[in-house]
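# Structural features, examined
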Amino acid sequence: MVKPNTDKPKSPEAKPGAKPEPKDDLKSLPMPEVEKTLASSPDGLTQAEAQKRLAQYGPNQIAEKKTNSFLKFLTYFWGPIPWMIEVAVILSGIVRHWPDFFIILLLLVSNAVVGFWEEHQAGNAIEALKAKLAVKATVKRDGKWTNPNASELVPGDVIRLRLGDIVPADARLLAGGSIQVDQSALTGESLPVTAQPGGAVFSGSIIRQGEIDAMVYATGTKTYFGKTAQLVQSAHTVSHFQRAVLKIGDYLIVLAVVLVALILAVALFRGDKALTTMEFCLVLLVAAIPVAMPTVLSVTMAVGARLLAKKEAIVTRLSAIEELAGVDVLCSDKTGTLTQNKLTLGDPFTVNGIPPDQAILYGALASRAEDKDTIDLAVIGGVKDNKALKSYQILHFTPFDPVHKRTEATVKGGDGKQFFVAKGAPQVILQMSTNAGEVKPVVEKAVNEFAGRGFRSLGVARADQEGKWQFVGVLPLFDPPREQAKATIASARQMGVNVKMVTGDQLAIAQETSRQLGMGTNILDASGLGDTKHHESAQSAEAIEKADGFAQVFPEHKFHIVDVLQQRGHIVGMTGDGVNDAPALKKADC
């Protein structure tokens with residue numbers, strides 16, 4: 001979760017009719033103060049008030065700088081090499097060498113058209129993706145629930161969040177039960193978090209369990225998502241390819257200017273005709289300028305972009321293709337990139353010789369697939385014999401709640417006998433088990449070992465009579481690596497690319513994933529790193545350079561890590577699939 005701003009809020013006292021200003025600390029203020037500051041209540045706003053606030057705060061979307069297409073096209077005629085080619089075109093026209101004039105002009109325009117068209121096509125593809133991501137919101141206006149576009153939300157609006165909904169703005173939860181929120185796209189955390197009434201949920205996260213009303217306190221660029229977008233806009237990187245071309249252009253300009261000056265000096269000394277001198281200068285310029293180089297480079301990279309497009313990779317900058325060939329450090333997000341972003345069951349620990357498959361079966365019987373709970377689905381997915389699972393009948397199911405911290409089920413077996421199963425936090429299951437005294441030491445040891453490897457543990461128990469629980473075992477849950485990830489990383493290292501893992505997950509989870517992928521276990525805790533405005537010491541920068549990965553990382557940390565590596569002379573690539581990766585993706589060379 002993003003760290004709140006600690007600035008003190010302004011006094012809620014305001015002039016009659018004045019509109020409230022949302023503050024970052026509305027994320028942590030008591031709800032009565034939030035409602036007072038936002039001049040709202042659980043009944044929501046009126047449509048008229050919402051329109052006034054929309055005019056004040058603007059739409060709930062990220063303002064994007066639009067570049068005029070014609071002006072963008074003209075930028076392809078700006079730069080050292082285009083300048084020299086343009087001078088050659090002008091001189092060709094002056095001396096009336098029309099074949100040279102049209103050939104050079106054609107090459108100049110071709111380069112601009114190819115480069116502009118490829119980037120324009122990539123922009124169109126991105127716009128199409130954005131259109132698919134447009135969402136509606138369920139909002140209470142004038143006491144009635146409506147479904148306007150999420151872009152029309154304003155601070156003070158009351159929204160309803162249901163299973164599967166994308167949270168449309170930063171909001172505080174109102175009265176109700178707890179909900180499970182998937183924030184993996186924002187923070188990189190692979191497991192859903194539990195949000196209680198009064199807690200904050202962020203724009204872009206997904207509701208995985210439960211239903212609740214919430215009050216919007218931040219929209220647009222004031223949201224966590226919006227601040228990340230602003231960090232993206234602040235990232236400006238000139239590619240090594242562009243630097244190389246500019247360096248060639250600068251060298252050739254200096255050389256050409258010196259030689260033209262020499263020709264003019266000799267011509268004036270000898271009294272040559274002006275037209276003849278111009279022709280000599282033109283010949284020199286055409287010889288000195290690699291007229292076809294920009295076109296050849298653009299066409300070559302355009303061909304590469306087309307081949308990548310067939311593999312569903314969008315190239316937004318043609319120079320990124322050339323950059324990729326020179327990358328020596330690749331920073332990769334963990335959740336969803338190196339791992340499957342799918343909670344999976346590991347090898348269980350059991351007591352009293354109970355078969356592991358039996359413990360998994362009891363855990364699955366204490367789960368319900370239709371709830372779409374991430375943990376329940378992982379446990380059910382671990383059952384090897386689905387026929388055996390279907391032979392049982394669930395007579396009663398008690399879902400998970402934050403108070404009891406477990407699920408329970410009354411089950412009827414194929415033999416007609418009735419029994420009870422439960423799963424939940426290991427310490428909770430131990431407390432209710434009659435055999436806790438004899439198994440507690442080994443269970444706690446197993447839980448600690450799983451925790452050391454970054455696994456989440458679930459306790460499982462069974463009872464033949466109500467209240468006579470027997471502890472069965474511990475089920476470990478983790479986010480497994482992608483099947484090809486280890487081989488891909490090994491292949492990259494053979495090619496001289498050092499792969500570093502960057503994740504928002506805890507240190508233990510990062511170390512275990514890194515170990516499984518063969519990346520090494522020198523993982524740095526990002527909380528000790530600086531941010532975008534902080535300059536690292538030589539020792540700290542060297543530690544970043546030598547690290548195998550980074551844990552508990554925020555978007556500004558990823559940005560900073562890429563920046564430090566670039567300052568150390570590396571060509572840095574970045575991969576990621578979440579909003580939290582966007583600033584670093586923009587800052588990276590490719």
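See the structure shown above.
To start, this report covers the structure provided alongside it. Being a predicted model, the structure only gives us computed values, none of them experimental. (Residues numbered from 1 in each chain as written. Predicted model: local features only at pLDDT ≥ 70, side-chain atom pairs only at ≥ 80, totals over all residues. Heavy atoms only, no water.)

### Description of the nonpolar core
One finds Tyr 362, Leu 365, Leu 389, Val 421, Leu 475 and Leu 477 to be the most contacted residues of the largest nonpolar core, which totals 25 residues. Secondary structure elements with two or more residues in this core: α13 (356–365), α14 (374–381), β14 (406–412), β15 (418–424), β16 (456–463) and β17 (469–478). Contacts of Leu 389, omitting those with residues within four sequence positions, involve Leu 361, Ala 364, Leu 365, Ile 380 and Val 383. Of all hydrophobic cores here, the second largest spans 23 residues; its members include Tyr 76, Phe 77, Phe 116 and Cys 281. (Core = buried A, V, L, I, M, F, W, Y, C linked by side-chain atoms within 4.5 Å. Buried < 20%, exposed > 50% of the residue type's maximum accessible area, 1.4 Å probe, protein only. Helix = DSSP H or I, 4+ residues; strand = E, 2+ residues; numbered from the N terminus. Contact = heavy atoms within 4.5 Å.)

### With respect to the environment of Leu 377
By the element assignment, Leu 377 lies in helix α14. Residue classification places Leu 377 among the partly exposed positions, given a relative accessible area of 39%. Sequence spacing of Leu 377 and Ser 367 is 10 residues, and the spatial spacing of their C-alpha atoms is 7.7 Å.

### Description of α13
The buried count for α13 comes to 7 of 10 residues, which makes it a mostly enclosed element. Listing the buried residues of α13 in full gives Ala 359, Ile 360, Leu 361, Tyr 362, Gly 363, Ala 364 and Leu 365.

### Here's the deal with the sheet that holds strand β9 (residues 212–218)
The strand order β2-β1-β3-β9-β4-β7 describes an open sheet built from 6 strands, whose pairing is antiparallel. Lying at the two open borders of the sheet, with one neighbouring strand each, are β2 (144–146) and β7 (200–201). In this structure, strand β4 (residues 170–173) lies alongside β7, joined through 2 bridges in antiparallel fashion. Note that in β7 the partner of Arg 172 across the bridge is Ala 200. (Pairing = 2+ DSSP bridges.)

### Looking at helix α17 (residues 436–452)
With 17 residues, α17 extends 23 Å from end C-alpha to end C-alpha; this agrees with the ideal 24 Å at 1.5 Å per step. At Val 442, α17 shows its largest kink, close to 30 degrees. Looking at α17, one finds that the buried residues are Ala 436, Val 439, Val 443, Ala 446 and Phe 450. Contacts from the buried residues of α17 go to β12 (349–350), α16 (426–431), β16 and β17. (Expected span 1.5 Å × (residues − 1). Bend = angle between axes of the 7 residues up to and from the residue.)

### Points about the environment of Glu 438
Assignment of secondary structure puts Glu 438 in helix α17. Owing to a relative accessible area of 59%, Glu 438 belongs among the exposed residues under this scheme. Glu 438 sits 87 residues away from Val 351 along the chain, and the two C-alpha atoms are 9.8 Å apart.

Read these as spatial facts, not as claims about activity.
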